Amino acid sequence: MIFYFSGTGNSFHAAKAAQERFGDDIVEMAAALKDHEFQYSFGEKERAIFVFPVYFGGVPTVVKDFIAQFEISGGDPEIVGIATCGVSVQGADSLFRSALKKKGLKVRAFYDVKMPQNCIFYLKVPIREAALMQLKRSNDRIRDILDSIVFNHRVTYDSGILSKALSRILIPVYNVTRGTSKFTVDDCCDSCGLCAEICPAGVIDIQKGKPVWTEKKCIHCAACINRCPQQSIQYGKLTKRRNRYFHPDLKKKTSK
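It should be emphasised that the depicted structure is a prediction, and the values quoted were computed from it without experimental measurement.

K.L.:
Could you give me a rundown of the overall build of the chain, with the residues and numbers involved?
P.N.:
In terms of regular secondary structure, the chain is built from 9 helices and 11 strands. Relative to a compact globule of 256 residues, whose C-alpha radius of gyration would be 18 Å, the chain shows 18 Å and is just as compact. For the chain, the spread of C-alpha atoms along the principal axes amounts to about 55 × 35 × 35 Å. Counting over 256 residues, the chain shows a buried share of 51%. Summing over all exposed atoms, the chain offers an accessible surface of approximately 13,000 Å²; the carbon and sulfur share of this is 51%. Positive and negative charge centroids in the chain, built from 38 and 26 side chains respectively, lie 8 Å apart.

Structural data, given as structure tokens:
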């Protein structure tokens with residue numbers, strides 16, 4: 001079984017690749033949280049593959065909240081983590097292992113795959129051509145990861161002391177900066193409602209035809225701002241001049 005969380009599609013793509021390779025059922029963790037679906041049954045020698053992006057060297061709140069309520073019945077699955085990132089996963093592997101350990105579960109292996117940067121709030125998102133080149137490299141890496149899973153986990157990611165220390169520094173910064181007060185909407189918004197539909201935290205409402213962020217903080221998954229068809233959502237003053245990025249797998253979902 002494959003459990004995934006994705007804002008702009010990178011982790012969704014990796015999860016779908018794993019599903020195509022292994023034929024497993026796939027579960028979207030954000031949807032499972034909303035529906036309170038936490039109990040899963042496994043047969044002997046089955047896998048539980050968790051696929052998610054890394055935010056500021058940490059595990060997204062959606063993933064942590066899901067794991068905190070995750071319950072297994074039946075067999076004892078082989079647990080594997082696959083993390084997508086723009087630069088590095090830092091110590092996210094250690095945090096993922098710790099979260100599962102609290103549930104009495106052991107992570108068999110953890111893998112990292114670099115994909116196009118989507119953190120438009122603070123960084124420049126690559127132009128389309130650069131993103132496509134990165135996706136070609138990431139697809140090769142995903143195939144290597146899936147091969148490694150099949151062949152007894154030949155090469156896995158294991159963070160060092162410095163990476164873990166950097167995560168401990170970055171995660172508090174993330175928690176402080178993931179506010180919603182800087183979100184604004186340009187006049188070009190056509191009231192399609194996609195942002196509210198895809199928000200995994202459910203903190204966007206459409207009021208008088210425009211999106212309104214109903215909580216002081218969100219996940220900062222960047223789904224709303226990157227996937228807006230009109231590029232009408234902004235965050236602060238710099239995003240208007242930045243490219244948008246979402247994985248091509250999500251193109252049909254965005255072009256409603």
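K.L.:
Go over helix α3 (residues 61-69), please, and point to the residues and values.
P.N.:
Listed as buried for α3 are Thr-61, Val-62, Val-63, Phe-66 and Ile-67. The elements touched by buried residues of α3 are β1 (2-4), α2 (29-35), β3 (39-42), β4 (47-53) and α4 (92-101).

K.L.:
Go over the side chain of Ser-232, please, and point to the residues and values.
P.N.:
By secondary structure assignment, the location of Ser-232 is in the loop between α8 (223-227) and β11 (233-235). In this structure Ser-232 touches Thr-184, Val-185, Asp-186, Cys-188 and Cys-189, once residues within four positions along its chain are discounted.

K.L.:
Got a sec to walk through the sheet that holds strand β7 (residues 107-114)? Specific residues and values, please.
P.N.:
Ordered in space as β2-β1-β4-β6-β7, the 5 strands form an open sheet in which the pairing is parallel. In this open sheet, the two edge strands, each paired with only one partner strand, are β2 (26-28) and β7. Here the strands of the sheet are splayed against their neighbours by 20 degrees on average, with no regard to which way each runs. Sheet contacts for α4: β4, β6 (78-85) and β7; angle to β7, the most-contacted strand, approximately 145 degrees.

K.L.:
Give a detailed account of the packing of helix α1 (residues 10-22) against helix α5 (residues 128-150), specifying residues and quantitative values.
P.N.:
Their axes nearest at 11 Å, the elements α1 and α5 cross at an angle of 45 degrees. Between α1 and α5, the interaxial angle falls into the category oblique. The chirality of how α1 crosses α5 is right-handed. Of α5, the residues touching α1 (which contributes Asn-10, His-13, Ala-14, Ala-17, Ala-18, Arg-21 and Phe-22) are Leu-135, Asn-139, Ile-142, Arg-143, Leu-146, Asp-147, Ile-149 and Val-150. Of the residues assigned to the contact of α1 with α5, the class counts are 9 nonpolar, 3 polar and 3 charged.

K.L.:
Go over the nonpolar core with me, naming the residues and quoting the values.
P.N.:
If you look at the biggest cluster of nonpolar residues, it comprises 41 residues, and the most contacted ones within it are Ile-82 and Ile-149. Put simply, the parts of the chain that give this core at least two residues each are β1, α1, β4, β6, β7, α5, α8 and β11. Look past the residues within four positions of Ile-149 in its chain and what remains in contact with it is Phe-22, Arg-47, Ile-49, Val-80, Ile-82 and Tyr-111. Among the nonpolar cores identified, the runner-up in size contains 40 residues, and Val-27, Leu-33, Ala-83 and Leu-194 belong to it.

K.L.:
Any details on the confidence of the model for the chain? Residues and values, ideally.
P.N.:
Summarising the model, the chain shows a mean pLDDT of 93, and 98% of its residues fall at 70 or more. Within the chain, the lowest mean pLDDT, 54, falls on helix α9 (residues 251-254), and the highest, 98, falls on β1. Predicted confidence for residues 252-256 stays below pLDDT 50, and this span has 10 contacts to residues more than four positions away or in other chains.

K.L.:
Report on unusual backbone geometry, specifying residues and quantitative values.
P.N.:
The phi dihedral of His-36 is positive, around 55 degrees, even though this residue is not glycine. As for its placement among the helices and strands, His-36 is situated in the loop between α2 and β3.

K.L.:
Any chance you could break down the pairing of β4 for me, citing the residues and the numbers?
P.N.:
Counting buried positions along β4 gives 6 out of 7 residues, so the element sits mostly inside the fold. Relative to β4, β1 is paired through 3 bridges, and the arrangement is parallel. When the sheet's bridge partners are listed, Ile-2 is paired in β4 with Ile-49. Pairing analysis gives 7 bridges linking β4 to β6, with the strands arranged parallel.

K.L.:
Talk me through the packing of aromatic side chains; I want residue IDs and the actual numbers.
P.N.:
Per the stated rule, a full pass over the model turns up 25 aromatic pairs. Relative to Phe-70, the ring of Tyr-40 lies with its centre 6.0 Å away and its plane at 35 degrees, an arrangement referred to as tilted. A residue pair is termed long-range when its members are at least 10 positions apart, and Tyr-40 in strand β3 and Phe-70 in the loop between α3 and β5 (71-74) qualify at 30 residues. In this structure, Tyr-40 and Phe-70 share a single accessibility class: buried.

Thresholds applied
- Residues numbered from 1 in each chain as written.
- Predicted model: local features only at pLDDT ≥ 70, side-chain atom pairs only at ≥ 80, totals over all residues.
- Heavy atoms only, no water.
- Helix = DSSP H or I, 4+ residues; strand = E, 2+ residues; numbered from the N terminus.
- Rg over C-alpha atoms; globule rule 2.2 N^0.38 Å.
- Buried < 20%, exposed > 50% of the residue type's maximum accessible area, 1.4 Å probe, protein only.
- Areas by Shrake-Rupley, 256 points an atom, 1.4 Å probe, with all protein chains shown as cover.
- Lys, Arg positive; Asp, Glu negative; His and termini not counted.
- Charge placed at Lys NZ, Arg CZ, Asp CG, Glu CD.
- Contact = heavy atoms within 4.5 Å.
- Pairing = 2+ DSSP bridges.
- Axes fitted to C-alpha atoms, helices over the stretch in contact; angles between N-to-C directions.
- Parallel < 35°, antiparallel > 145°, perpendicular 65-115°, else oblique.
- Left-handed = near helix turned anticlockwise from the far one by under 90°.
- Nonpolar A, V, L, I, M, F, W, Y, C, P; charged D, E, K, R; others polar.
- Core = buried A, V, L, I, M, F, W, Y, C linked by side-chain atoms within 4.5 Å.
- pLDDT = per-residue confidence, 0-100.
- Phe/Tyr/Trp six-rings, centres within 6.5 Å; stacked < 30°, edge-to-face > 60°.

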